[in-house]
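# Fold and contact review
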Amino acid sequence: MAILDILHFPDPRLRNRAKPVSEVDARVRKLADDMLETMYKAPGIGLAAVQVNVPLRVVTIDISEERDQPLVLINPEILERDGVEEMSEGCLSVPGIYEKVKRANHIRFRALDLEGQPLEQEAEGLLAVCVQHEIDHLDGKLFVDYLSSLKRQRIRKKLEKEARQQAEPAPAGTAI
Ligand code: ZN
């Protein structure tokens with residue numbers, strides 16, 4: 001397994017639309033393993049392959065307290081949405097930012113599992129929000145897109161400034 005680099009907003013690669021997985025093979029299972037490891041280490045409750053610069057429709061989720069119930073969704077699709085829920089959301093690609101977003105609070109979705117078998121499931125609350133958030137990533141969409149453009153602009157500037165600061169070379173004479 002390996003820890004993958006997570007792209008940060010406003011990286012244009014986060015806007016890539018992911019392609020469906022045509023066959024759940026060893027390569028896809030390795031990607032899912034690496035994504036789970038990356039998600040647990042971050043730590044986060046969900047990760048989409050687009051966030052690690054792999055434009056495939058693969059998502060990993062674990063909303064359990066014990067972090068021992070990994071869910072891997074391949075080619076996930078929402079079949080039904082119901083109700084409205086407003087929850088404070090964050091994202092591994094938008095570090096340190098939490099904002100309220102309205103989404104359906106009850107969904108039915110389908111996907112393939114790691115064996116390539118179809119699964120169909122209902123979800124509500126946090127899991128429903130998480131599945132919707134991750135599927136958005138596969139379509140190049142981020143939770144900041146639901147905010148006002150003023151707010152999005154402010155977040156963009158903050159993250160760009162942080163990225164610049166991190167990219168600055170160490171001062172001369174610093175031991176590395
Ligand atoms: Zn996210």
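Residues numbered from 1 in each chain as written. Predicted model: local features only at pLDDT ≥ 70, side-chain atom pairs only at ≥ 80, totals over all residues. Heavy atoms only, no water.

### Comments concerning the coordination of the zinc ion
Note on metal sites: the ideal angle is 109.5 degrees for four tetrahedral donors, and 90 or 180 degrees for six octahedral donors. This is how it is decided: The rule for donors is simple: N, O or S, within 2.8 Å of the metal, or within 3.2 Å if the metal is Na, K or Ca. Water isn't counted, so a site may look like it is missing partners. We count a stretch as a helix when DSSP gives it H or I for four or more residues in a row; a strand needs E for two or more, and each element gets its number in order from the N terminus. Think of it in three bands: residues with accessible area under 20% of the maximum for their type are buried, residues over 50% are exposed, and the middle band is partly exposed, with areas taken using a 1.4 Å probe on protein chains only.
Only C91 (SG), H133 (NE2) and H137 (NE2) from the protein reach the zinc ion as donors, at distances of 2.1 to 2.2 Å. The sequence motif formed by the donor residues of the zinc ion is C-x41-H-x3-H. Here C91, found in the loop between β4 (85-89) and β5 (99-103), pairs with H133, found in helix α2 (residues 125-138); they are 42 residues apart in sequence, far enough to count as distant. Comparing C91 with H133 shows no difference in burial state: the two are buried.

### What to know about the pattern of salt bridges
Selection criterion: The rule for a salt bridge is simple: a side-chain nitrogen of Lys or Arg has to be within 4 Å of a carboxyl oxygen of Asp or Glu.
In this structure the tally under the stated criterion is 14 salt bridges. The salt bridge involving R15 is made with D145; its shortest N-O contact spans 2.8 Å. With R15 in the segment before α1 (26-41) and D145 in the loop between α2 and α3 (149-167), this residue pair connects regions lying 130 residues apart in the sequence. Between R156 and E160 there is a salt bridge, with the nearest N and O atoms lying 3.5 Å from each other. With R156 and E160 both in helix α3, this residue pair falls four residues apart, about one helical turn. The class for R156 is partly exposed, based on a relative accessible area of 34%.

### As for the sheet that holds strand β1 (residues 46-48)
The cut-off we apply is this: Two strands qualify as a pair provided that DSSP identifies no fewer than 2 bridges between them. Axis angles are defined between N-to-C directions and span 0 to 180 degrees, where every axis is a line fitted to C-alpha atoms and, for a helix, only to the segment in contact. Contacts: residue pairs with any heavy atoms within 4.5 Å of one another.
An order of β1-β2-β3-β6-β7 is seen for the five strands of this open sheet, with the pairing classed as antiparallel. Of all the strands in the sheet, the pair left with one neighbour each is β1 and β7 (118-124). Along the sheet, successive strands turn relative to each other by an average axial angle of 40°, direction set aside. Alignment of strand β2 (residues 58-61) against strand β3 (residues 71-82), held across four bridges, turns out to be antiparallel. The partner of V58 across the bridge, within β3, is I74. Contacts from α1 reach β1, β2 and β3, with the element oriented near 40° to β2.

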